Amino acid sequence: MVGQPLLVLDVREGGANAAYTGREEKVLSFTYTVAAGDNSEDLDYVDVESLKLNAGTIKDMAGNDAELD
């Protein structure tokens, strides 16, 4: 993986970005700090296009592009 992926969370109008904080491993970890005005009954991503590569790539162990949906 290269770049800095983002995950868009459904906590306010327009969403809010959670930043990738993990290392290159099988599970991607993201961090988000709650801000004033954030509100969510159940923390979730905005939609199926919420994982943003942000000019990066995510590949499987064989070097194939990962399925992002």
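All of the points below concern the structure found in this document. (Residues numbered from 1 in each chain as written. Predicted model: local features only at pLDDT ≥ 70, side-chain atom pairs only at ≥ 80, totals over all residues. Heavy atoms only, no water.)

## Remarks on the pattern of salt bridges
This is how the line gets drawn: A pair is scored as a salt bridge if a Lys or Arg side-chain nitrogen falls within 4 Å of a carboxyl oxygen belonging to Asp or Glu. For helices the rule is a DSSP run of H or I covering at least 4 residues; for strands it is a run of E covering at least 2, with both sets numbered from the N terminus onward.
Counted under the stated rule, the structure contains two salt bridges. Of the charged contacts, one joins Asp-38 and Arg-12 as a salt bridge, the two residues approaching to 2.7 Å between their closest N and O atoms. Within this pair, whereas Asp-38 is found in the loop between strand S3 (30-31) and strand S4 (51-52), its partner Arg-12 is found in the loop between strand S1 (6-9) and strand S2 (16-20), the two being separated by 26 residues in sequence.

## A few points about the sheet that holds S3
To keep it simple, the criterion reads: Strand pairing is assigned whenever DSSP identifies at least 2 bridges connecting the two strands.
Pairing is antiparallel across the open sheet formed by four strands, whose spatial order is S3-S2-S1-S4. For this open sheet the edge positions go to S3 and S4, each flanked by a neighbour on one side alone.

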